Amino acid sequence: MLWRPPVGTTTLVEPLEPVPGHEAVTATVIEDDRLLLDLGASPRPSQTTDVVASFFMPDALVRVTGVLIAVTERDRTLHELIVKDIDRVQRRQAPRVDIDLAASMVVTDAPGPMVSVLGRTRNVSAGGCRVTTNQRLAGTDPVVSLDLADSSGPVVAQATVLSSEHHGSEWDYRLLFTAIDNDDRVRLERLIV
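Rules of the game
- Residues numbered from 1 in each chain as written.
- Predicted model: local features only at pLDDT ≥ 70, side-chain atom pairs only at ≥ 80, totals over all residues.
- Heavy atoms only, no water.
- Helix = DSSP H or I, 4+ residues; strand = E, 2+ residues; numbered from the N terminus.
- Rg over C-alpha atoms; globule rule 2.2 N^0.38 Å.
- Buried < 20%, exposed > 50% of the residue type's maximum accessible area, 1.4 Å probe, protein only.
- Contact = heavy atoms within 4.5 Å.
- Areas by Shrake-Rupley, 256 points an atom, 1.4 Å probe, with all protein chains shown as cover.
- Lys, Arg positive; Asp, Glu negative; His and termini not counted.
- Charge placed at Lys NZ, Arg CZ, Asp CG, Glu CD.
- Salt bridge = Lys/Arg side-chain N within 4 Å of Asp/Glu carboxyl O.
- Phe/Tyr/Trp six-rings, centres within 6.5 Å; stacked < 30°, edge-to-face > 60°.

**Observations regarding the overall build of the protein**
For step 1, the next point in the chain: A tally of regular secondary structure across the protein gives one helix and 13 strands.
For step 2, the next point in the chain: In the protein, the succession of helices and strands from N to C terminus is β-β-β-β-β-β-β-β-β-β-β-β-β-α.
For step 3, the next point in the chain: Taking 193 residues into account, the globule formula puts the C-alpha radius of gyration at 16 Å, and the protein, at 21 Å, lies well above it.
For step 4, the next point in the chain: Seen through its principal axes, the protein has C-alpha atoms that stretch 65 × 40 × 30 Å.
For step 5, the next point in the chain: Counting the 193 residues in the protein, one finds 40% classified as buried.
For step 6, the next point in the chain: Counting only contacts in the protein whose residues sit at least 6 apart along the sequence, the fraction spanning at least 24 positions is 51%.
For step 7, the next point in the chain: Here the protein displays about 10800 Å² of accessible surface, and carbon together with sulfur accounts for 50% of that area.
For step 8, the next point in the chain: The protein carries 19 positive and 27 negative side-chain charges, and their two centres are separated by 1 Å.

Rendered as structure tokens:
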């Protein structure tokens, strides 16, 4: 199996033949090498159970059909997911291209003075982008400006934060455009082809 969810990923696990009251449980990946799952406070399935596990990744929904087996690890009962089949359902509506562009983000309804957060894109599509910066946004709905380095000026879009990660001094934001001018959308689409 080539695909592995990162440690900390939450999954929805559904037994193929559920016992009433145990139709679905949530679990967290605690070891990606063996797909070892911690069911937390969720009800425990039987020792060995055929399941479908759904992993909601940023770019796709990954549905894994397999067997969930109870194992004793680290002085507690955990569950290992033995994979039989993987089905990947694309979530993105627009393809992305890895490109480094200057970006600025402003949260217009943030409390206090309006601050422009500067960063660089990691990838861009007509529907959103990923921006890395060394400042934290003051909200979740920024106006994003991307410098395409052409004479038409920047692309400006209203966006919402789908996810963010903080690593050391960097913030990594995955943004979905919620409002963008059609001409700007076309300009972004030209970057991708």
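**Remarks on the pattern of salt bridges**
For step 1, the next point in the chain: Tallied over the full model, the rule gives nine salt bridges.
For step 2, the next point in the chain: Across the pair aspartate 172 and arginine 122 runs a salt bridge, and its minimum N-O distance is 3.4 Å. Of this pair, aspartate 172 sits in strand β13 (residues 170-180) while arginine 122 is found in strand β9 (residues 116-125), placing the two residues 50 residues apart along the sequence.
For step 3, the next point in the chain: For aspartate 172, a relative accessible area of 6% translates into the label buried.
For step 4, the next point in the chain: Take arginine 122: its relative accessible area is 42%, and that puts it in the partly exposed class.
For step 5, the next point in the chain: Salt bridges here are not isolated pairs; linked through shared partners, they connect Arg34, Glu73 and Glu80.

**So, the environment of alanine 159**
For step 1, the next point in the chain: Mapped onto the elements of the fold, alanine 159 is located in strand β12 (residues 155-167).
For step 2, the next point in the chain: Judged by its relative accessible area of 1%, alanine 159 is buried.
For step 3, the next point in the chain: Among all residues touching alanine 159, those that are not within four sequence positions of it are Thr140, Asp141, Pro142, Val144, Leu175, Leu176, Phe177 and Thr178.

**Considerations on the environment of valine 89**
For step 1, the next point in the chain: The topology assignment puts valine 89 in strand β6 (residues 76-90).
For step 2, the next point in the chain: Spatially, the C-alpha atom of valine 89 lies 18 Å from that of valine 51, the residues being 38 residues apart in sequence.

**Side note on the packing of aromatic side chains**
For step 1, the next point in the chain: All told, the structure shown has one aromatic pair when counted by the stated rule.
For step 2, the next point in the chain: Note on tryptophan 171 and tyrosine 173: the rings are 6.2 Å apart at their centroids and 15° apart in plane angle, and the pair reads as stacked.
For step 3, the next point in the chain: Of the residues examined, tryptophan 171 reaches a relative accessible area of 15% and is grouped as buried.

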